[in-house]
2 protein chains.
Amino acid sequence: MTEHTNKQFSAELENVRSSFLQMGGLVEAMIGEAMNVLVNKEVTLADTVHDREKEVNRLEVEIDERIGLLIARNQPTAVDLRLLLSVSKMLTDMERCGDEADKIAKMARRMHEAGGQYIPAVELRHISTQVTNMIRNVLDAFAREDPIHAATVVRNDKEVDKEWKASLRHLITYMMEDPRTISRSIDLIFIARSLERIGDHAKNMAERVIYMVHGDDVRHIGVKATERVARGEPLVKQGD
Amino acid sequence: MTEHTNKQFSAELENVRSSFLQMGGLVEAMIGEAMNVLVNKEVTLADTVHDREKEVNRLEVEIDERIGLLIARNQPTAVDLRLLLSVSKMLTDMERCGDEADKIAKMARRMHEAGGQYIPAVELRHISTQVTNMIRNVLDAFAREDPIHAATVVRNDKEVDKEWKASLRHLITYMMEDPRTISRSIDLIFIARSLERIGDHAKNMAERVIYMVHGDDVRHIGVKATERVARGEPLVKQGD
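Analysis parameters
- Residues numbered from 1 in each chain as written.
- Chains lettered and ligands numbered in written order.
- Predicted model: local features only at pLDDT ≥ 70, side-chain atom pairs only at ≥ 80, totals over all residues.
- Heavy atoms only, no water.
- Helix = DSSP H or I, 4+ residues; strand = E, 2+ residues; numbered from the N terminus.
- Rg over C-alpha atoms; globule rule 2.2 N^0.38 Å.
- Buried < 20%, exposed > 50% of the residue type's maximum accessible area, 1.4 Å probe, protein only.
- Contact = heavy atoms within 4.5 Å.
- Areas by Shrake-Rupley, 256 points an atom, 1.4 Å probe, with all protein chains shown as cover.
- Least-squares fit on C-alpha atoms with pLDDT ≥ 70 in both.
- Buried area = accessible area lost by both parts, 1.4 Å probe.
- Salt bridge = Lys/Arg side-chain N within 4 Å of Asp/Glu carboxyl O.
- Polar contact = N/O pair within 3.5 Å; in protein donor to acceptor, adjacent residues only side chain to side chain.
- 1 Å grid on protein atoms, 1.4 Å probe; cavity = no way out; pocket = protein on both sides within 12 Å on 5 of 7 lines; lining within 4 Å.
- Points joined across faces, edges and corners; volume = space filled by probe spheres on them.
- Nonpolar A, V, L, I, M, F, W, Y, C, P; charged D, E, K, R; others polar.
- Axes fitted to C-alpha atoms, helices over the stretch in contact; angles between N-to-C directions.
- Parallel < 35°, antiparallel > 145°, perpendicular 65-115°, else oblique.
- UniProt positions renumbered as here; feature names shortened; annotations may be inferred.
- Left-handed = near helix turned anticlockwise from the far one by under 90°.

Draft legend 1. Highlighting the overall build of chain A. From N to C terminus, chain A includes seven helices and zero strands. The order of α-helices and β-strands along chain A, N terminus first, is α-α-α-α-α-α-α. Computed over the C-alpha atoms, the radius of gyration of chain A is 20 Å, within 12% of the 18 Å expected from 2.2 N^0.38 for a compact globule of 240 residues. Dimensions of chain A, computed from C-alpha atoms along their principal axes, come out at roughly 70 × 40 × 20 Å. Per-residue burial over chain A gives 55% buried out of 240 residues. Put simply, of all contacts in chain A between residues at least 6 apart along the chain, 76% involve residues at least 24 apart. Only carbon and sulfur atoms are counted for the fraction: they give 50% of the accessible area of chain A, which is about 10,200 Å².

Put into structure tokens, the structure is as follows:
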């Protein structure tokens with residue numbers, strides 16, 4: 001590569017990176033807004049979330065196209081190639097987080113528009129705080145190329161799974177005690193499920209950040225092995 | 001590229017392709033087996049599904065590693081690069097289909113082990129037939145590089161979404177009529193949801209097949225526009 005091509009390539013990599021961070025920032029905002037529809041009955045925010053979702057979709061396609069062109073034209077290897085392949089995969093996860101936020105906002109609006117009584121949503125609020133933090137942390141880990149920070153997101157996902165199961169049990173008990181709440185509770189179960197899915201996607205992205213930095217694929221090896229790889233220890237495949 | 005390198009590269013592309021088809025065949029089998037756990041109470045099949053899921057995970061990581069190496073070493077462009085980038089994305093969707101099948105098998109086994117009465121699962125059986133066909137069709141479309149065939153999978157997903165909503169309404173009615181069925185019905189709702197997710201993943205993969213052949217990204221443009229692109233008409237961005 002000439003120095004000029006090299007400089008331009010670096011600028012384009014940086015552009016991919018910053019566009020992905022921008023997309024992630026949108027998704028992070030969407031989760032907060034969707035929860036505001038649910039918790040504070042700010043139903044008009046559902047339209048805001050939906051508009052942002054379109055923008056997230058647009059960014060997904062646009063960034064992916066740039067990645068394809070950069071690989072074809074500049075034929076990057078090693079860490080540059082891993083960055084591009086990682087972002088390409090992370091785009092899919094990030095876009096699906098946006099979808100989930102959009103679903104939450106729509107369901108929450110429908111619940112409020114149908115009227116009906118208050119349902120305690122404290123667990124949902126707690127899970128949503130956790131998964132919002134996971135999204136923020138995976139974006140930080142990506143921006144700083146910090147695999148250790150990424151590994152904390154992988155660990156957090158275990159916590160979110162536990163809380164999702166607890167909130168499911170709680171909502172089932174609630175329905176059984178008062179079958180009139182069945183319809184509403186099903187909606188809340190789907191909202192909880194969407195939040196849990198966002199946690200899964202954040203975990204997937206965190207695994208890609210570790211791959212990007214170390215070149216080791218930590219999918220399906222379990223949290224402890226992931227943490228070891230994140231610290232720079234050799235990859236030993238085993239679940240935990 | 002020398003002729004030798006070229007031949008070897010072609011063989012390696014073919015190898016990626018056939019490994020992905022093998023992975024897809026496993027997932028297709030898993031869905032059938034998971035439904036057999038549910039419908040025919042063949043609870044021991046849940047272990048088979050779980051073993052296959054491990055194999056699917058292994059294939060995901062292995063194929064993705066080969067794709068990364070091929071891109072780095074051979075610096076493919078155009079259709080070869082699109083094949084590799086498409087398979088890399090499809091791997092993620094296919095692996096998640098395997099996860100969903102594993103979840104279905106586990107939930108179905110738990111339901112049978114808990115005893116309890118029969119619940120009509122005719123709609124679930126119908127949805128599972130549809131999504132199994134979608135997986136088979138997307139694998140065919142991929143193997144034959146047939147974008148028109150892939151577009152039928154995108155259209156089928158609309159049908160599956162409708163059936164999922166119908167089965168959800170049905171199960172909610174069931175719960176309301178007899179609150180003792182709440183727990184079981186929630187399990188069935190999750191099973192239906194997992195099937196619907198498999199349909200979504202099949203749709204995503206079908207979109208990648210169209211990209212692979214035509215180089216146009218048809219995500220988020222709607223079914224009709226997707227069908228036009230599949231027929232080779234120019235990409236015009238609009239939802240439908």
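That covers the picture; the talk isn't over yet.
Draft legend 2. Structural context of the relation of the copies chain A and chain B. Mapping chain A onto chain B is achieved by rotating through 180° and translating by 0.0 Å along the same axis, at an RMSD of 0.0 Å. The superposition of one copy onto the other is thereby described by a two-fold rotation axis. Closest approach to the rotation axis within chain A is made by the C-alpha atom of A:Gln75, at a distance of 2.8 Å.

Draft legend 3. Summary view of the interface of chain A and chain B. Contacts between chain A and chain B engage 38 residues on the former and 38 residues on the latter. Both faces combined, the contact of chain A with chain B buries some 3,300 Å², and carbon together with sulfur accounts for 59% of it. It is A:Arg96, A:Phe190 and A:His220 in chain A that bury the most area against chain B; as a group they hold 17% of the surface buried on that side. Joining chain A to chain B, the criterion identifies eight salt bridges. For A:Lys89, the salt bridge identified is with B:Asp64, shortest N-O distance 2.7 Å. Counting the contacts that link chain A with chain B gives 16 residue pairs in polar contact (both at pLDDT 80 or more). When residues of the side of chain A that touches chain B are traced back to their parent elements, those giving at least two are α2 (45-74), α3 (78-113), α5 (147-177) and α6 (182-214) of chain A. In terms of residues, the side of chain A that touches chain B owes the most to one element, α6(A), which gives ten residues.

Draft legend 4. Representation of empty space enclosed by the protein in the model. Tallied over the entire structure, the rule returns five cavities of 30 Å³ or more. Its volume calculated, the largest cavity comes out at about 110 Å³. Every residue lining the largest cavity is listed: A:Glu100, A:Lys103, A:Arg193, A:Arg197, B:Glu100, B:Lys103, B:Phe190, B:Arg193, B:Ser194 and B:Arg197. The set of elements that each furnish at least two residues to the lining of the largest cavity consists of α3 and α6 of chain A together with α3 (78-113) and α6 (182-214) of chain B. Per-element tally for the lining of the largest cavity: the top contributor is α6(B), with four residues. Here the residues of the lining of the largest cavity sort into one nonpolar, one polar and eight charged.

Draft legend 5. Region of the structure containing the packing of helix α1 (residues 3-40) of chain B against helix α4 (residues 122-144) of chain B. Residues and elements named next belong to chain B. Orientation of α1 relative to α4, taken along the N-to-C sense of each, is 170°, at an axis distance of 10 Å. With respect to their mutual orientation, α1 and α4 come out roughly antiparallel. Listed contacts from α4 to Arg17, Phe20, Leu21, Gly24, Gly25, Glu28, Ile31, Met35, Leu38 and Val39 of α1 are Leu124, Arg125, Ser128, Thr132, Ile135, Arg136, Leu139, Phe142 and Ala143. Here the contact of α1 with α4 is built from residues that sort into eleven nonpolar, four polar and four charged.

Draft legend 6. Spotlight on the side chain of B:Asp187. All names here are of chain B. In this structure, aspartate 187 sits in helix α6. Judged by its relative accessible area of 13%, aspartate 187 is buried. For aspartate 187, the side chain forms a polar contact with the side chain of arginine 110, separated by 2.7 Å. Residue contacts for aspartate 187: discarding those within four places in its chain leaves Met107, Arg110 and Met111.

Draft legend 7. Local environment of the UniProt feature "domain: PhoU" (unreviewed entry) in chain A. All names here are of chain A. Following the UniProt record, one finds the feature "domain: PhoU" (unreviewed entry) at residues 21-107 and 124-209. Overall, residues 21-107 shows 92% helix and 0% strand. The separation of its end C-alpha atoms is 27 Å. Secondary structure within residues 124-209 divides into 93% helix and 0% strand; the distance between the first and last C-alpha atoms comes to 27 Å.

Draft legend 8. A look at the environment of B:His201. Residue placement: B:His201 occurs in helix α6. Separated by 168 residues in sequence, B:His201 and B:Glu33 have C-alpha atoms that sit 19 Å apart. For B:His201, the residues in contact, after removing those within four places along its chain, are A:Arg96, B:Asp93, B:Arg96 and B:Cys97.

Draft legend 9. Structural context of the pattern of salt bridges. Overall, the coordinates contain 48 salt bridges over all chains when judged by the stated rule. The salt bridge involving A:Arg17 is made with A:Glu14; its shortest N-O contact spans 3.2 Å. Here A:Arg17 pairs with A:Glu14, and both are found in helix α1 (residues 3-40), just three residues apart, close to one helical turn. Two residues, A:Arg219 and B:Asp64, come together in a salt bridge whose shortest N-O distance is 2.9 Å. Within this pair, whereas A:Arg219 is found in the loop between α6 and α7 (223-230), its partner B:Asp64 is found in helix α2 (residues 45-74), the two belonging to separate chains. Here A:Arg219 matches B:Asp64 in class, with each residue buried. Ionic contacts of the salt-bridge type, sharing partners, join the residues A:Glu60, A:Asp64, B:Lys89, B:Arg208, B:Asp217 and B:Arg219 into one network.

Draft legend 10. Layout of unusual backbone geometry. The residue A:Glu145 is not glycine, and still its phi comes out positive at about 50°. You can see A:Glu145 is positioned in the loop between α4 (122-144) and α5.

Draft legend 11. View of the packing of helix α5 (residues 147-177) of chain B against α6(B). All names here are of chain B. Look at α5 against α6: their axes get within 9 Å of each other, and the N-to-C directions meet at 170°. Between α5 and α6, the angle is such that the two are roughly antiparallel. Between α5 and α6 lies a crossing of left-handed hand. For the contact of α5 with α6, a count of residues per class yields 21 nonpolar, four polar and seven charged.

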